[in-house]
Amino acid sequence: SETLEVVTVGGGNPYERAESIFGDMEQNGGEKELLETVASWSTEMISDGEIYLKEITHAREDDLAYYCIVRVSHCPEVSRLFSITVDFHGELDTEQRLAILYTLKE
């Protein structure tokens with residue numbers, strides 16, 4: 001499996017001053033956009049906001065389908081830090097796995 005650490009940013013100018021000490025809590029932290037991106041990249045959603053499935057190749061008569069399971073988890077200590085863990089299933093070499101991960105980055 002491969003793990004990516006993602007720091008989300010969202011809403012307006014990140015250098016903009018908040019109106020109150022807790023103003024940052026009211027701003028969009030980018031979580032919604034992160035989950036929308038993973039959902040649109042995936043083939044299916046298994047558990048909303050947590051687990052997704054990405055089909056890599058369809059099953060054929062002589063071969064099984066290749067796919068990956070994507071898990072998104074929120075770091076409890078840091079509000080804008082997420083881990084994305086991708087578990088590949090199927091015979092994929094390192095170059096193929098990296099190419100698939102790169103498409104998620106885009």
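The preceding data block contains the structure.
These figures come from a predicted structure and were not determined experimentally. (Residues numbered from 1 in each chain as written. Predicted model: local features only at pLDDT ≥ 70, side-chain atom pairs only at ≥ 80, totals over all residues. Heavy atoms only, no water.)

S.K.: Explanation requested: the pattern of salt bridges in the structure shown.
M.R.: Side chains bearing opposite charge may pair, as long as their charged atoms lie close to each other. For the structure on display, the rule yields two salt bridges. Across the pair Arg 97 and Glu 2 runs a salt bridge whose closest N-O atoms are separated by 3.6 Å. Highlighted residues: Arg 97 in helix H3 (residues 94-105) and Glu 2 in strand E1 (residues 2-7), separated in sequence by 95 residues. Arg 97 sits in the partly exposed class, given a relative accessible area of 21%. Judged by relative accessible area, Glu 2 falls into the partly exposed class, the value being 27%. (Salt bridge = Lys/Arg side-chain N within 4 Å of Asp/Glu carboxyl O. Helix = DSSP H or I, 4+ residues; strand = E, 2+ residues; numbered from the N terminus. Buried < 20%, exposed > 50% of the residue type's maximum accessible area, 1.4 Å probe, protein only.)

S.K.: Just to check I follow, could you spell out the pairing of strand E4 (residues 66-74) for this structure?
M.R.: Each regular strand carries side chains that alternate between the two faces of the sheet. Note: strand E3 (residues 51-57) against E4, six bridges, orientation antiparallel. Bridged to Thr 57 within E4 is Tyr 66. Where E4 and strand E5 (residues 81-89) come together, eight bridges link them in antiparallel fashion. Counterpart to Ser 73 in the pairing with E5 is Ser 83. Counting the residues that bridge the hairpin from E4 to E5 gives six residues. (Pairing = 2+ DSSP bridges.)

S.K.: I'm lost on the packing of aromatic side chains in this one. Help?
M.R.: The geometry of an aromatic ring pair is captured by two quantities: the separation of the ring centres and the angle between the planes. Applying the stated rule across the entire model yields zero aromatic pairs. Positioned above the aromatic ring of Trp 41 is the side chain of Lys 54, whose terminal nitrogen or guanidinium carbon lies 4.9 Å from the ring centre. (Phe/Tyr/Trp six-rings, centres within 6.5 Å; stacked < 30°, edge-to-face > 60°. Lys NZ or Arg CZ within 6 Å of the ring centre and 35° of its normal.)

S.K.: What am I meant to see in the nonpolar core here?
M.R.: One recurring pattern in soluble globular proteins: nonpolar side chains tend to sit buried together. By size, the foremost hydrophobic cluster in this structure holds 17 residues, and its most contacted members are Val 38, Val 70, Val 72, Ile 84, Val 86 and Phe 88. Listed by contribution, the elements that provide at least two residues to this core are helix H2 (31-41), E4, E5 and H3. The residues contacting Val 72, other than those within four sequence positions of it, are Leu 34, Leu 35, Val 38, Gly 49, Glu 50, Tyr 52, Phe 82, Ser 83 and Ile 84. (Core = buried A, V, L, I, M, F, W, Y, C linked by side-chain atoms within 4.5 Å. Contact = heavy atoms within 4.5 Å.)

S.K.: Explain the sheet that holds strand E2 (residues 44-47) here, please?
M.R.: Within a sheet, neighbouring strands are paired by backbone hydrogen bonds and run either parallel or antiparallel to one another. Strand order in this open sheet of five strands is E1-E5-E4-E3-E2, and the pairing throughout is antiparallel. Among the strands making up the open sheet, the edge pair consists of E1 and E2. Neighbouring strand axes in the sheet, compared pairwise and without regard to direction, differ in orientation by 25° on average. Relative to E3, E2 runs antiparallel, the two being bridged by three bridges. Residue Met 45 lies in a different strand from E3, and its bridge partner there is Tyr 52. In this fold H2 packs onto E1, E2, E3, E4 and E5, with an angle of close to 170° to the strand it touches most, E4. (Axes fitted to C-alpha atoms, helices over the stretch in contact; angles between N-to-C directions.)

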